[in-house]
Amino acid sequence: MNPDEMSRRRSGILREMGLAPLWKLRSEVQSAPVSLAQPKSSAVETSLPTAVDQRAGAIAAMGWEELRASVAACRACELCQARKQAVLGVGDLSPDWLFVGEGPGAEEDQRGEPFVGQAGKLLDAMLAAIGLQRGRNVYIANTVKCRPPANRTPTPAETAACWPYLERQIALLKPKLIVALGKPAAQTLLQKEVKVGEARGRLFEHNGIPLIVTYHPAYLLRTLQDKAKAWEDLCFARASMRKLQV
Ligand code: URA
Ligand code: SF4
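Since the model is a prediction, treat every value here as computed from it, not as a measurement.

Enquirer: Would you take a moment to explain the site of ligand 1 for this structure?
Expert: Near ligand 1, the surroundings consist of Gly 101, Glu 102, Gly 103, Glu 108, Pro 114, Phe 115, Asn 142 and His 216. Within the contact set of ligand 1, an oxygen atom lies 2.7 Å away from a backbone nitrogen or oxygen of Glu 102. Within the contact set of ligand 1, an oxygen atom lies 2.8 Å away from a backbone nitrogen or oxygen of Phe 115. Considering ligand 1 on its own, with 230 Å² of exposed area, one finds that the protein chains cover 93% of that surface. Its residues placed into classes, the shell around ligand 1 shows two nonpolar, four polar and two charged.

Structure (structure tokens):
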């Protein structure tokens with residue numbers, strides 16, 4: 001198949017999956033992602049690039065090596081203060097699947113790899129349930145790269161500060177499907193308020209990439225009754241991926 005045919009076929013599939021109208025809607029209203037907490041005023045948009053814009057622009061041009069070095073040295077939000085190390089992500093660099101969690105916990109901060117503690121064991125089991133394995137056609141990242149103290153939820157200012165890194169990762173990885181694990185990941189990727197219970201089972205998109213929302217594994221460890229729903233979500237993700245892979 002030539003690239004044109006492939007792209008026509010892909011649009012057909014996405015239309016069938018109910019994504020194409022959403023694309024149109026988004027592209028009509030789309031502007032650069034902004035923080036939920038700090039909407040830009042029009043005055044800011046018409047002025048010279050701010051330091052924040054310049055930083056985002058620089059990150060948007062980085063390759064993996066620069067990205068890794070930049071994250072390791074980053075002091076753009078308060079989370080830099082208590083971290084042992086920043087945790088960029090792990091896995092296949094041209095994956096079909098991208099899973100995005102919240103932020104590193106104690107073990108991740110120690111070892112420099114996402115999802116290696118208790119929640120990570122559950123994530124590995126969730127991956128295995130749909131025939132996936134860490135690092136094989138899968139990349140795992142977090143919304144914030146540095147551990148929030150006492151594993152608190154990252155603030156909107158922190159997720160906004162870290163967003164350019166995740167955005168660059170997505171641009172470099174070009175996954176076919178993104179799975180947002182929990183509210184902070186979903187809200188950051190969709191740039192709007194999200195209730196996981198309401199968003200699950202639906203297909204969203206981020207910059208044209210299909211996106212599914214499900215519960216965070218750490219939440220599932222505490223809330224066993226929602227495990228069945230997470231299983232449904234994984235089946236939905238697998239079915240969506242099958243359509244995307246044809
Ligand atoms: N929880 C997350 O969201 N990410 C990790 O890397 C570990 C636990
Ligand atoms: Fe930088 Fe992100 Fe770490 Fe904040 S969480 S210091 S923005 S790498």
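Enquirer: Can you help me understand the site of ligand 2 in this one?
Expert: Taken together, Arg 55, Cys 74, Ala 76, Cys 77, Leu 79, Cys 80, Arg 83, Lys 145, Cys 146, Ala 161, Cys 162 and Tyr 165 make up all the residues around ligand 2. Here the shell around ligand 2 gets three residues from one element, more than from any other, and that element is helix α8 (residues 156-173). Residue composition of the shell around ligand 2, by class: nine nonpolar, no polar and three charged.

Enquirer: How do you make sense of the side chain of Asp 96 when you look at a structure like this?
Expert: Relative to the assigned elements, Asp 96 resides in the loop between β1 (89-91) and β2 (97-101). According to the relative accessible area criterion, Asp 96 is buried, its value standing at 13%. Reaching out from Asp 96, the side chain makes a polar contact with the side chain of Gln 245 at a distance of 2.8 Å.

Enquirer: Would you mind going over the packing of aromatic side chains with me for this structure?
Expert: Where two aromatic rings form a pair, the distance of their centres and the angle of their planes describe that pair. One pass over the structure, following the stated rule, counts three aromatic pairs. Judged by centre distance (5.1 Å) and plane angle (20°), the rings of Tyr 215 and Tyr 219 are stacked. Looking at Tyr 215, the relative accessible area reads 7%, which means it is buried. With relative accessibility at 27%, the residue Tyr 219 sits in the partly exposed group.

Enquirer: When you look at the nonpolar core in this model, what are you seeing that I'm missing?
Expert: Grouped burial of nonpolar side chains is what soluble globular proteins tend to show. Counting residues in hydrophobic clusters, the biggest one holds 60 residues, and the most contacted among them are Trp 97, Phe 99, Leu 189 and Val 213. With seven residues, α8 is the single largest residue contributor to this core. Setting aside its immediate chain neighbours within four residues, Phe 99 contacts Leu 123, Leu 127, Leu 132, Val 138, Tyr 139, Ile 140, Ala 141, Val 179 and Leu 181.

Enquirer: Got a minute to help me understand helix α12 (residues 227-245) in this structure?
Expert: For an α-helix, 3.6 residues make a turn, and residues three or four places apart therefore share a direction. Across its 19 residues, α12 extends 27 Å between first and last C-alpha, which sits within 8% of the 27 Å expected from 1.5 Å per residue. Residues Ala 230, Asp 233, Leu 234, Ala 237, Ser 240, Met 241 and Leu 244 constitute the buried set of α12. All buried residues of α12 fall inside an arc of 125° around its axis, so they share one side.

Enquirer: Help me understand the packing of helix α4 (residues 51-60) against α8, please; the structure alone is not making it clear to me.
Expert: The relative placement of two packed helices is expressed as an angle between their axes plus a distance between the axes. Axis separation between α4 and α8 bottoms out at 9 Å; the angle between their running directions is 20°. Comparing the axis directions of α4 and α8 gives the class roughly parallel. As α4 packs across α8, the resulting crossing turns out to be right-handed. Between α4 and α8, the contacting residues are Arg 55, Ala 56, Ile 59 and Ala 60 on the first element and Ala 161, Pro 164, Tyr 165 and Arg 168 on the second. Here the residues of the contact of α4 with α8 sort into six nonpolar, no polar and two charged.

Enquirer: In this structure, what is going on with the sheet that holds strand β5 (residues 203-206)? I would like to understand it.
Expert: Sheets are built from strands paired through backbone hydrogen bonds, the pairs being either parallel or antiparallel. If you walk across this open sheet you meet the six strands as β1-β3-β2-β4-β6-β5, and the pairing is mixed. Of all strands in the sheet, those with a lone pairing partner are β1 and β5, marking the two edges. Here the strands of the sheet are splayed against their neighbours by 25° on average, with no regard to which way each runs. With three bridges connecting them, β1 and strand β3 (residues 138-142) associate as antiparallel partners. Paired with Gly 91 across the bridge in β3 is Tyr 139. Those strands touched by helix α7 (residues 118-129) are β2, β3 and β4 (177-181), and its axis lies near 150° from that of β3.

Enquirer: Can you help me understand the pattern of salt bridges in this one?
Expert: Working definition: two side chains of opposite charge can pair if their charged atoms are close together. Inspection of every chain in the model, using the stated rule, returns seven salt bridges. Arg 134 is the partner of Asp 124 in a salt bridge, and the nearest nitrogen-oxygen pair spans 3.1 Å. Of the two residues, Asp 124 is situated in helix α7 and Arg 134 in the loop between α7 and β3; the sequence distance between them amounts to ten residues. Its relative accessible area of 21% is what places Arg 134 among the partly exposed residues. Close ionic contact of Arg 152 with Glu 158 constitutes a salt bridge, the shortest N to O distance being 2.8 Å. Beyond isolated ion pairs, a larger network of salt bridges with shared partners links Glu 113, Asp 124 and Arg 134.

Reading the values: rules and limits
- Residues numbered from 1 in each chain as written.
- Chains lettered and ligands numbered in written order.
- Predicted model: local features only at pLDDT ≥ 70, side-chain atom pairs only at ≥ 80, totals over all residues.
- Heavy atoms only, no water.
- Near = heavy atom within 4 Å.
- Polar contact = N/O pair within 3.5 Å; in protein donor to acceptor, adjacent residues only side chain to side chain.
- Areas by Shrake-Rupley, 256 points an atom, 1.4 Å probe, with all protein chains shown as cover.
- Nonpolar A, V, L, I, M, F, W, Y, C, P; charged D, E, K, R; others polar.
- Helix = DSSP H or I, 4+ residues; strand = E, 2+ residues; numbered from the N terminus.
- Buried < 20%, exposed > 50% of the residue type's maximum accessible area, 1.4 Å probe, protein only.
- Phe/Tyr/Trp six-rings, centres within 6.5 Å; stacked < 30°, edge-to-face > 60°.
- Core = buried A, V, L, I, M, F, W, Y, C linked by side-chain atoms within 4.5 Å.
- Contact = heavy atoms within 4.5 Å.
- Expected span 1.5 Å × (residues − 1).
- Arc of directions from axis to C-beta.
- Axes fitted to C-alpha atoms, helices over the stretch in contact; angles between N-to-C directions.
- Parallel < 35°, antiparallel > 145°, perpendicular 65-115°, else oblique.
- Left-handed = near helix turned anticlockwise from the far one by under 90°.
- Pairing = 2+ DSSP bridges.
- Salt bridge = Lys/Arg side-chain N within 4 Å of Asp/Glu carboxyl O.

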